[in-house]
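# Close look at the chain arrangement
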Amino acid sequence: ACGSNSADKDDTPVQLLVFGAPEELEAYRTLISSYSKPVQLVEASDREDLLARLATSIAGGSPPDLFLMNYRFYGQFAVKDAIEPLDERVAASGVIDPADYYPVAMDAFKWQGKQLCLPQNVSSLAVYYNRTLFEKYRVPLPKAGWTWNDLLTTATAMTRDKNGGVIRAAESEGAALRPAVHGLGIEPSIIRLAPFVWSNGADIVDDPVRPTRLTLDSPGAREALKNLVDLRLAYGVVPTDQEVEAEDDESRFVNGRLAMLLSSRRSTTTFRSITGFEWDVAPLPIYRQPAGILHSDAYCLTRGSRNKDAAWDFLEYAISAEGQKIIAATGRTVPSHIEVSTSPAFLGPAQPPRSAKVFLDAIPTVRALPTVSTWPEIEDVTGGILENALYRGDRLDDVIRQLDEQTRPLFARAEYPR
Amino acid sequence: MPARWWRTLGAVFVLLVFVPPLVLLVSGSLTEPGQPPPPTPRLLPEPLSAAGYEHAWSLGSLGRATLNSVLVAAVAVPLSVLVAAWAGFALARSSRRLVTVVVTASLLALMAPATALLLPRFVIFRFLGLTDTLVPLIAPALLGASPLYVLVYYLAFRGLPADLYDTCRLCDLTPARTWWRFALPVVRPVTAALTALSFILTWSNFLDPLVYVYDRDLFTLPLALRSLSVLDPTNFPVFLAGAVVATLPPVIVFVLAQRWFLRSESPGRQLR
Amino acid sequence: MLAPYLLGLVVLVLGPFVITLALAFTEYDLIRPPVWTGTGNFTELTRDPIFRTALVNSLVFAAVAVPLRLLIALALALLLHRRAMAAGPARTAAVLPAAVPEIAYGLLWLWLLNPLYGPINQVLALGGQNGLTVFGRTPPQWLTDPADARAAIILMSLFTIGETFIILLAARRSLPHDVYELAALEDATSWDVLRRITLPLIAPVLGLLLVRDVIQSLHFSFVPALVVTDGGPPPYATTYVPLFAYRTAFEYLRYGYAAAATLVMLLLTVAAVAVQWRLLRRYGRFHDR
Amino acid sequence: MTDAGLVLEGVSAAYRDARVLHRLDLEVHRGELLVVLGPSGAGKSTLLRLVAGLHPVAEGRVLIQGRDVTTLRPGRRNVSMVFQSYALFPHLTALDNITFGLEVRDVSRAAARERARAAAASVGCAHLLDRRPGQLSGGERQRVALARALVREPDLFLFDEPLSNLDPELRVETRGELKALHARLGVTSVHVTHDQTEALVLADRIAVLRDGRLEQLGTPDEIWRSPATVFVARFVGSPAMNLVPAGGPVAPEGMPEALGPERLLGFRPEAVRLDPTGSGAPATVERVDVVGEDAHAYLRLADHLIVARVPASARPAPGDPAEVAVRWADVHVFDAGTGQRVPL
Amino acid sequence: MTDAGLVLEGVSAAYRDARVLHRLDLEVHRGELLVVLGPSGAGKSTLLRLVAGLHPVAEGRVLIQGRDVTTLRPGRRNVSMVFQSYALFPHLTALDNITFGLEVRDVSRAAARERARAAAASVGCAHLLDRRPGQLSGGERQRVALARALVREPDLFLFDEPLSNLDPELRVETRGELKALHARLGVTSVHVTHDQTEALVLADRIAVLRDGRLEQLGTPDEIWRSPATVFVARFVGSPAMNLVPAGGPVAPEGMPEALGPERLLGFRPEAVRLDPTGSGAPATVERVDVVGEDAHAYLRLADHLIVARVPASARPAPGDPAEVAVRWADVHVFDAGTGQRVPL
Ligand SMILES: Nc1ncnc2c1ncn2[C@@H]1O[C@H](COP(=O)(O)OP(=O)(O)OP(=O)(O)O)[C@@H](O)[C@H]1O
Ligand SMILES: Nc1ncnc2c1ncn2[C@@H]1O[C@H](COP(=O)(O)OP(=O)(O)OP(=O)(O)O)[C@@H](O)[C@H]1O
Ligand SMILES: [Mg+2]
Ligand SMILES: [Mg+2]
């Protein structure tokens, strides 16, 4: 990693490394084409591809100037000093005022007191629901302030067989019945679990800044976890693992066979192609206090960039109101620019979801996950364990113990933002 | 003859096992995109639609990517075959010691996982200023596409009757001319097979372009296909259309190469 | 004439490979300069349950898949090496799976293996009731049961034998004709012809392919495991060493550690190959001049 | 059906477009040894391959010991064959090559080896059993191929020039061995050779093939003493029979009647006498080849070249004048147009 | 240096561990045609390969036209060779096979074809030029191989049994062709054959090889009339020379002195007379082989078997009693222990 300050050349285009589906990349291309200077979009298809590209090119000494990354994964680059701090440039900028952006997103990209990257979006978890189906079965719609129990009752009421009758599809009921409609879809992972743990007044790690272990053994966390796995084990309102493999939750929702789905803003673009029914979003249910989880991506300037000033110019443009509007048009993101997020570019009623404001309302209560350098590994390890907990009914004590034991070495190896 | 019928029966069985997945691939690609994905593939999509291909063409810039892939293959495949055939021939005419060394090295090379080579190769190509060009994608041709092919050629050349090599030596042929005039034509089935295989290998190279090529205009088909693979589930026909497009050239190449398999001049009949 | 190949071999493979292997003795995160740690990575590997699982997975995969793949490829090559009705299309069909881009093929298999709606399980459930097979057993849960998932990956690998198949086909076609006539005259059964003539005569190629397949199968499982099962079902039923190494190196940025894993794998492969190498030499001798 | 060891009924064969055998009829008695003679490319090997079932029969039928085998696969015909190209398995030792046919017939390993050694010894390759074909000389390979054929006891032996690469001593010896074996086993055999002596010594009957057609079939004596055509006459015997038009330069002694030029007179070199009695035709010696005790003198008579076999000790020198005399009893008469023998 | 076309000086050769040629000394004059005779496995092919440079020389030197070529690569030795196995390229037509050596020497295509056609015509394969080797009969292949060798004009011709698969007529013809060619071009040639007649007719000199050692080198006449050893005596001539111990059953007429049993008497079948004058040794006819005009009568004298060549017309019948007489002039005397000829 060589942090050379070699002279900027005007003619070499700024390289921006992003990943996404073709439509998403198309939005970035629009963004670039509306920018006055040449920018080369370096495209990857998914996160793995992007990481492979980024890592090899940094190691090989010719990194792209800019890349876009989620705060959950940028830690490992931040800790290794691969990202250029932006404080000075922000301070000197005439375009960007940090106050224009949601602080929670800005804070997520602070590392040892420095602003490393600048967020382009701020999303959170919401409950997508099939409004038409709810109306058909005359079940009350989810609404703000509803509780976990409400979620459970709703989900139970929406789990129906072919004839529309309510059924219970838990293994304990024995029957090999397959619901035609499932009440709820949720992915067993730490990022889905976390907001409920927080809502229950507990925490997932012992120290949000310098975590050393997962604390899912605390009573609050344990309850949230138990309730999560009970969705499958006790009530059978979420599809089994076989069913998920046969048809993932998003497809199931699109096919009108899933009443509710916990997901981030990401799913919106897919769901916009739905023609068969009406759908909308609702806020997360709560235990004791409202809590949400931050999903945010940011532009980062690589330390090894040869073209920092030009790159910064583009970065400025991209997260400025103008740039964010272009990206917001895809529907995929919740703009991090406060003004843009409240503008019709985001809230515009032309496209579903009607209650897009749910995403904005959640922002004050969202929290970020710890940004330790080994977080990607921790997510992967916990994912497997939680999956087994949900689908195979591993004993809760074992699950919690495993989660703790297997993540400890990862925390031990971790480097911290502060 | 009954043996013939058994063969036909077997061939039909092979067809029954191997073809259906590909039929599903094609029929899937002809489904109308934007529909909720059917949980189970249908043999005859309803309605039939070529929209998947249109989308794939525009979304994935398949045209450009195909062009690049063809360009790479057009240079890399002949080069691969040439290098492999040369090396295999040279090995067949080399001393035991050299053969042992090279074969061992080739096997070691086969053992190197692609992912373990990405980074050092990147450094090399960057040093040579070749990143973000198509050269790194052609470079594996220097290996004959795969060391395996060199070894296959080696075995093929070694199996030719010694008297024929001796005849060439008597005529004072240089090794290169012996190779060109005698050895290569005689192992034509092998060449046909390896041409088809190195085409497939070159054509489906994914990791190299992923790491060495930034410029979208230089993307090859596997990369374009990769980008289609992250489309929404509703757009699966678009992805499958891309897959069909990407599969077609290898099929054509193989069908062409197959003719050469059958037209072999086996040296066996006059081996004594 | 060997020069271009040797150049490619050294510059493109062996050199880079040695560099990577050297990094196995360091802690290297791709960004900061490597730090020498000696055998640190290896001691850590011995304690890493994920690596252990991956290693066992890889070895089991190789032990099961390689013989099957070779057998099937050989059977196909011997079945289809002559002109016969439908043989041409069958040859093409047998190679096609290897020609379909891996990602597309992975996705296709996701369909085929779909536990509820997949054609494979639907065929298996034919004649049974309630989605059970005729024998009253639940059909395999390809994507969710660890054992079945491993079987699924092996099953997939059995279809991508195109390369092996073609090379064997070419080898078979270049065998001398008159010895087969003699065998026919002696009324040798197909089995005798296979055992006493064909196999020994193509033994060098077969041996080479065996070695290659052992090596390859330790890499092969990469894309399907990624696309179809994503290393699962949980926790690591289909995480093979290459996937482990790839993730560790490029997702977790622990290049040195991944290199150590690769080195361990390499040593095991070398050991396996060394054994087969001797066989290869013994059979190959009659070609010596 | 019949008592014939091998019957070909109107058999034809072709390679792609080229017809090689033309409606051949041939009957080999049971236990008989038939030698097939014919120029290179006449279809001899093809004939054997066809009998063995290795080449398809275009028309006609093949019967072995009365069984119609036309559509039977080679292995079911129970024939044993020596290929002109030997067809040895390159990966097997000589011993394993020989035992191959036995082992696939489930003869026990020990017994197979026993018989193989015996067969090898009978053709003089017992000392080579551990070698691979690549390590053998041409003649050694041929002996192994022969041993491989002899080790079995089939209904029919097919030999395609099995002795061509052997040295004379070994050839005489092996020939004797073959003859003895044939006498002992009484297996019907078809033997292709180019060697006159071999043909004449071994054969019960000889078939002369020409361009895929049977030219003559008869005992060695018949073939030698009354060749049916000019072709047979010239083909058998070395140097070949002399042919001059009747009424030409040579007038045999004691010729009963004068023959017109539409007849050809044939007489073997052995029949030519060079004694200067004054009654013979005058000639000049052009060339003399000495072959051991014999010499072949090439004599020019006008525009004819005539060969005489004379004792080497009494040979003329090139350039010498000579007189050529032939006795009528030694003369064969052929039709100049059809080449057929003219019975007298 | 010398005027020799080919010189071998103390040349040895081996395959791995097995020594095949033992310190061979041989000189072939420039323009001479040397025929190499020897039993199968004697090392004849090895000798040719060694001269051609295809097999390494273990010790000794090889000189071609005075040039030391021991370490020269084959292509530089300017020799032309016919392989015992033909070594035709399976993928080339006969024509291309023949022109192969020319084209790589940059003879123009047209000229090469011209010469190829001429060479092919001279060995009788002009009608086969479009075929691939796989489509040719054994003899046809051999002719193509021969044409390929003849089309060039090298310093040295090496022929390894080039006529073994030809029919007799063609063989005589081709032999004549070879002889004429040799006379015309005067290229030094080494010719391996198993055919007596071929050897005796073609050779300027004959080398008899046995187990990798030179047994005798001499003109055909010398080889025939004064074989240096028992081996040569028996090897040349068919049927082979009779050998009986001196003082045994046969007493040659006019033998000057009595010889002890440490001497062997050799006489050819042609020298045996069966005239019943009463003075010969009594014998029984065991077997008679008729070979055209000649017959070979095998006679038993006590525990010896003796062959006589008699006219077929005057042959005895098996079982007949006979009397065997030999003239002293026809007898060769050898030492029973060493097998060497004993000069008288
Ligand atoms: N595979 C083939 N394709 C086409 N023609 C062939 C093939 N094999 C043989 N022939 C032709 O058929 C004819 C007869 O061939 P065959 O091998 O039977 O001859 P042969 O009598 O055995 O001759 P030889 O004594 O030279 O071995 C020859 O003219 C030959 O050129
Ligand atoms: N590649 C080899 N490896 C080992 N021994 C060999 C090899 N080639 C030939 N020999 C042996 O060397 C000896 C001489 O072989 P060579 O081929 O010179 O015999 P030859 O005189 O040509 O016999 P033939 O008349 O049968 O062709 C033989 O005993 C043979 O077995
Ligand atoms: Mg033949
Ligand atoms: Mg030889």
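Values in this document were obtained by computation on a predicted structure and should not be read as measured data.

All right, on to the site of ligand 2 then. As a structural note, the neighbourhood of ligand 2 is formed by 19 residues, with Arg131, Gly139 and Glu140 of chain D together with Ser45 and Thr46 of chain E the closest of them. Among the chains of the assembly, those with residues near ligand 2 are chains D and E. Measuring from a nitrogen atom of ligand 2, one finds a backbone N or O atom of Gly134 of chain D at 3.2 Å. Within the backbone of Gly43 of chain E, an N or O atom sits 2.9 Å from an oxygen atom of ligand 2. Out of a free accessible area of 640 Å², ligand 2 has 88% covered by protein chains. Split by residue class, the shell around ligand 2 holds three nonpolar, 12 polar and four charged.

Moving on: the site of ligand 1. Among the 20 residues in the neighbourhood of ligand 1, the closest are listed as Ser45 and Thr46 of chain D together with Arg131, Gly139 and Glu140 of chain E. Bordering ligand 1 are residues originating from chains D and E. Taking His194 of chain D, its side chain carries an N or O atom lying 3.1 Å from an oxygen atom of ligand 1. Contacts to ligand 1 include Arg131 of chain E, whose side-chain N or O atom sits 2.3 Å from an oxygen atom. Look at ligand 1: alone it shows 630 Å² of surface, and the protein chains cover 89% of it. If you list the elements that add at least two residues to the shell around ligand 1, you get α1 (44-52) of chain D together with α4 (138-150) of chain E. Here the residues of the shell around ligand 1 sort into four nonpolar, 12 polar and four charged.

Chain C puts 87 residues into the contact, and the matching count from chain B is 98 residues. Summed over both partners, the interface of chain C with chain B comes to about 8300 Å²; 78% of that surface belongs to carbon and sulfur atoms. Contact with chain B buries area across many residues of chain C, yet Met1, Tyr5 and Trp111 of chain C alone supply 10% of it, more than any other trio. The tally of links between chain C and chain B comes to zero salt bridges. Residue assignment for the side of chain C that touches chain B shows that the elements contributing at least two residues are α1 (3-22), α3 (49-80), α4 (87-99), α5 (102-112), α8 (162-173), α10 (190-220), α12 (241-251) and α13 (255-284) of chain C. Broken down by element, the side of chain C that touches chain B gets its largest block of residues, 14 residues, from α1 of chain C. A per-class count over the side of chain C that touches chain B returns 64 nonpolar, 13 polar and 10 charged.

Take the environment of Ala24 of chain C next. Residues and elements named next belong to chain C. Take Ala24: it is sitting in the loop between α1 and β1 (26-27). Between the C-alpha atom of Ala24 and that of Gly38, which follows or precedes it by 14 residues, the distance is 8.4 Å. Among residues more than four places away in sequence, those in contact with Ala24 are Gly38, Asn41, Phe42, Gly256, Ala259, Ala260 and Leu263.

Rules used in this analysis
- Residues numbered from 1 in each chain as written.
- Chains lettered and ligands numbered in written order.
- Predicted model: local features only at pLDDT ≥ 70, side-chain atom pairs only at ≥ 80, totals over all residues.
- Heavy atoms only, no water.
- Near = heavy atom within 4 Å.
- Polar contact = N/O pair within 3.5 Å; in protein donor to acceptor, adjacent residues only side chain to side chain.
- Areas by Shrake-Rupley, 256 points an atom, 1.4 Å probe, with all protein chains shown as cover.
- Nonpolar A, V, L, I, M, F, W, Y, C, P; charged D, E, K, R; others polar.
- Helix = DSSP H or I, 4+ residues; strand = E, 2+ residues; numbered from the N terminus.
- Contact = heavy atoms within 4.5 Å.
- Buried area = accessible area lost by both parts, 1.4 Å probe.
- Salt bridge = Lys/Arg side-chain N within 4 Å of Asp/Glu carboxyl O.

Distances and angles like these do not, on their own, reveal function.
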